[in-house]
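Coordinates in review
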Amino acid sequence: MSTSKSVLDWNILNIRDNIRSGDISAVEVCQARLDHIANHDHIYNAMTAVFQDEALEQAVAIDQLPSSQKSDRLLLGVPITIKDVICSRGQKTTAASRILKNFRPPYDATVVAHLKQAGAIIIGKTNCDEFAMGSSTEHSAYGTTKNPWDTERSPGGSSGGAAAAVAAQFAPVSIGTDTGGSIRQPAAFCGVVGLKPTYGRVSRYGLLAFASSFDQIGPLTNSVEDAALILQVLAGVDPADATSVAQPVPDYRATLKNDIRGTRIGVPRTMFDHADTSIDRDIIRAYDAALDIFTSAGAELVDITLPHATHAVPTYYLIAPAEASSNLARYDGVRYGLRASPNETANTENNLTAMYDRTRHRGFGSEVKRRIMLGTYALSAGYYDAYYGKAQQVRSLIRLDYDNVFAGDKNTAVDVVAMPTTPTAAFKLGEYAEDPLTMYLGDIFTVSANLTGLPAISIPAGLTNSQLPIGLQLTGRAFNEDFLLNLAHIYEQATPWHDSRPMLKT
Ligand code: GLN
């Protein structure tokens, strides 16, 4: 099989099938992406590392496989980038933090091992907010990533480098992580597909933890079909992650073309009026247009209320920092990465506590420090019940809101909840530099899926008047990714948005 499109436009199946048939070599495919990155990443800064030599070595090995082995690798020769919070053996993994500047993990994350076994080639690591804390990729110790649609704007975050890398065709697939929206919001800002699987669907082993009860790993891609193929490889129980779940993994690609007639789509419009942040007109217009596409395909719209979901942002911003403050205690200058010496800071005392203090002072950036302080406060004796305890109760109420709309008989229950992914399109870099709270409020539509553990996907759903991408988010029942992907695919086939690409600068 061959196609007239540029090799940079090829999706997973184009790449795999052309390598299998011998129409192109894995080395040529890999080299094309590496050259493209070399020509453009000085502008976008989407990558924190490019593994040029190792990637080409792996490509050579793929080309030398006997054809019997080529035919059973689902992702044969597919170049992939991974977010810099996911461990890959011997390769720099920094969490975009100074504290892990030269850290090279001695093992592969389970997802990386799965990708390699499937024949994928890891070509580099993508930039993100430090320890995945942020919504703009401005909180990276290695510089800000720029949005390929407008370099004055943020690509979103925290997986901003991942979304920018897919939008700019550095790779057909980036692996991101989503704790409060970090796959879906950057996907929306960069006009790509982003899927956060159900909590427990994908192993977190080898992911540098931010908030362990929320974190999930998932794909960013140019199409829903590619997201389905990647989930196929990532999903499954893992003995190394006790929170991964032994649910059967369906054939995600096989279910993509199911008829969606009769699907009941929940529309939580009252939430838009009660959100603490205003929603742009362009976003509402695109949302309404998307709902029309679903009704034309035979789905039904059902008005629903999620009474507690308007409290999702404060709930998330208490629990996530609380978990982060505990998870990040391990960066102590003893076990990993940076250790600051007495002459590097004002604190010159020569004892263990002073060493911790110096190392964490120098190693962490301001947003990470803010989260550690917020989280430590919320967990402290005397405030625990009022903050952390209360937030956990509200978390349960939000989960019940979703249980209520998904439960019941087929005349009352909905199959999926549709919302915009974000209240605005990509904002200007620096716009919220002095106003983190407003940036947090922008997570209103994404954090509920993490508080509840439910799967959610963001798909390209239009452009604003100033030609910036808009995302539509679909949230489904637990472990119903196949259903979500099917619905998203039907939408994608009926609309032109996934084919829009930014004009790159050189
Ligand atoms: N924007 C959210 C935060 O800053 C989400 C981050 C994430 O999903 N990793 O916490």
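Structural notes, computed from the coordinates. (Residues numbered from 1 in each chain as written. Predicted model: local features only at pLDDT ≥ 70, side-chain atom pairs only at ≥ 80, totals over all residues. Heavy atoms only, no water.)

Within the protein, the regular secondary structure consists of 17 helices and 11 strands. Since a compact globule built from 506 residues should have a radius of gyration of about 23 Å, the 22 Å found for the protein is in line with a globular shape. Projecting the C-alpha coordinates of the protein onto the three principal axes gives extents of approximately 65 × 55 × 45 Å. When each of the 506 residues of the protein is scored for burial, the buried share is 60%. Put simply, 74% of the contacts in the protein that link residues at least 6 apart link residues at least 24 apart. Total accessible area on the protein stands at roughly 18,800 Å², and carbon and sulfur atoms take up 50% of it. Charged side chains of the protein number 44 positive and 53 negative; the gap between the two group centres comes to 3 Å. (Helix = DSSP H or I, 4+ residues; strand = E, 2+ residues; numbered from the N terminus. Rg over C-alpha atoms; globule rule 2.2 N^0.38 Å. Buried < 20%, exposed > 50% of the residue type's maximum accessible area, 1.4 Å probe, protein only. Contact = heavy atoms within 4.5 Å. Areas by Shrake-Rupley, 256 points an atom, 1.4 Å probe, with all protein chains shown as cover. Lys, Arg positive; Asp, Glu negative; His and termini not counted. Charge placed at Lys NZ, Arg CZ, Asp CG, Glu CD.)

With the exception of glycine, the majority of residues adopt a negative phi angle, and the majority of peptide bonds are in the trans configuration. Of note, the bond from Gly 157 into Ser 158 is cis; its omega dihedral lies within 30 degrees of zero at 5 degrees. Mapped onto the elements, Ser 158 comes out in the loop between β3 (121–126) and α6 (160–167). The backbone phi angle of Ala 132 is positive, close to 65 degrees, even though this residue is not glycine. Structurally, Ala 132 can be placed in the loop between β3 and α6. We note that Gln 169 has phi near 65 degrees; this positive angle belongs to a residue other than glycine. Structurally, Gln 169 is set in the loop between α6 and β4 (173–178).

We now examine the pairing of strand β2 (residues 79–83). Of all the five residues making up β2, five are buried; the element is thus mostly covered by neighbouring parts of the structure. Residues of β2 alternate between two faces, with Pro 79, Thr 81 and Lys 83 on one and Ile 80 and Ile 82 on the opposite face, all of them buried. Pairing analysis gives five bridges linking β2 to β3, with the strands arranged parallel. What sits directly across from Ile 80, in β3, is Ile 122. For the segment spanning β2, helix α5 (residues 110–117) and β3, crossover handedness is right-handed. Judged from the three bridges that link them, β2 and β4 form a sheet pairing that is parallel. Bridge pairing links Ile 82 to Ile 175 in β4. (Pairing = 2+ DSSP bridges. Right-handed = clockwise from strand over helix to strand, strands pointing away.)

Glancing now at the site of the ligand. Every one of the 15 residues lining the ligand counts as a neighbour, but Thr 179, Gly 180, Ser 182, Tyr 316 and Arg 371 are closest to it. The backbone of Gly 134 places a nitrogen or oxygen atom 2.9 Å from an oxygen atom of the ligand. A distance of 2.6 Å separates an oxygen atom of the ligand from a polar side-chain atom of Tyr 316. Taken by itself the ligand offers 290 Å² of open surface, and the protein chains cover 99% of this. Among the residues forming the shell around the ligand, the class breakdown is five nonpolar, seven polar and three charged. (Near = heavy atom within 4 Å. Polar contact = N/O pair within 3.5 Å; in protein donor to acceptor, adjacent residues only side chain to side chain. Nonpolar A, V, L, I, M, F, W, Y, C, P; charged D, E, K, R; others polar.)

The next point concerns the packing of helix α8 (residues 224–234) against helix α17 (residues 481–493). Running from N to C, α8 and α17 point in directions that differ by 160 degrees, and their axes come no closer than 9 Å. Judged on the interaxial angle alone, α17 and α8 are roughly antiparallel. Viewed along their axes, α8 and α17 form a crossing whose handedness is left-handed. Counting all contacts with α8, which are made through Val 224, Glu 225, Ala 227, Ala 228 and Leu 231, the residues of α17 involved are Glu 481, Leu 485, Ala 488, His 489 and Glu 492. For the contact of α8 with α17, the per-class residue count stands at six nonpolar, one polar and three charged. (Axes fitted to C-alpha atoms, helices over the stretch in contact; angles between N-to-C directions. Parallel < 35°, antiparallel > 145°, perpendicular 65-115°, else oblique. Left-handed = near helix turned anticlockwise from the far one by under 90°.)

Let us now look at the nonpolar core. Within the largest apolar cluster, 136 residues are counted, with the highest numbers of intra-cluster contacts made by Leu 75, Ile 80, Leu 115, Phe 131, Ile 175, Leu 474 and Leu 485. Excluding its chain neighbours within four sequence positions, the residues that come into contact with Leu 485 are Leu 195, Val 224, Ala 227, Ala 228, Leu 231, Tyr 252, Leu 256 and Ile 457. Ranked by size, the runner-up nonpolar core spans 13 residues in total, among them Ala 162, Ala 167, Ala 187 and Ala 425. (Core = buried A, V, L, I, M, F, W, Y, C linked by side-chain atoms within 4.5 Å.)

Enumeration over the complete set of coordinates arrives at three cavities of 30 Å³ or more. In terms of lining, the largest cavity is formed by 15 residues, of which the most central are Gly 134, Gly 180, Ser 182, Tyr 316 and Asp 443. For the lining of the largest cavity, the class distribution of residues is four nonpolar, nine polar and two charged. Estimated volume of the second largest cavity: approximately 60 Å³. In this structure, the second largest cavity is lined by Gly 134, His 139, Glu 367, Arg 370, Arg 371, Tyr 432, Ala 433, Pro 436, Met 439 and Tyr 440. Those elements that place two or more of their residues in the lining of the second largest cavity are α13 (366–379) and α15 (436–441). (1 Å grid on protein atoms, 1.4 Å probe; cavity = no way out; pocket = protein on both sides within 12 Å on 5 of 7 lines; lining within 4 Å. Points joined across faces, edges and corners; volume = space filled by probe spheres on them.)

Summed over the entire model, instances satisfying the criterion amount to zero disulfides. Not part of a disulfide, Cys 87 finds its nearest cysteine sulfur in Cys 128, a span of 12 Å. Of the cysteine sulfurs around Cys 190, a residue in no disulfide, the closest is that of Cys 128, at 14 Å. (Disulfide = S-S within 2.5 Å.)

Direction vectors running N to C along helix α11 (residues 312–327) and α13 enclose 100 degrees, while the axes themselves pass 7 Å from each other. Between α11 and α13, the angle falls in the class roughly perpendicular. Residues Tyr 317, Leu 318, Pro 321, Ala 322 and Ser 325 of α11 form the contact with α13, whose own contacting residues are Arg 371, Ile 372, Leu 374, Gly 375, Thr 376, Ala 378 and Leu 379. Looking at side-chain class alone, the contact of α11 with α13 contains eight nonpolar, three polar and one charged residues.

As summarised here, the arrangement of the 11 strands in space is β1-β3-β2-β4-β6-β5-β10-β11-β9-β7-β8, forming an open sheet in which the pairing is mixed. The sheet is open, and its two borders are formed by β1 (47–50) and β8 (300–303), each paired with just one other strand. Averaged over neighbouring strand pairs, the angle between their axes works out to 30 degrees when direction is ignored. Here α8 sits on the sheet and contacts β2, β4, β5 (193–196), β6 (216–221) and β10 (456–463); the angle it forms with β6, its principal contact strand, is near 145 degrees.

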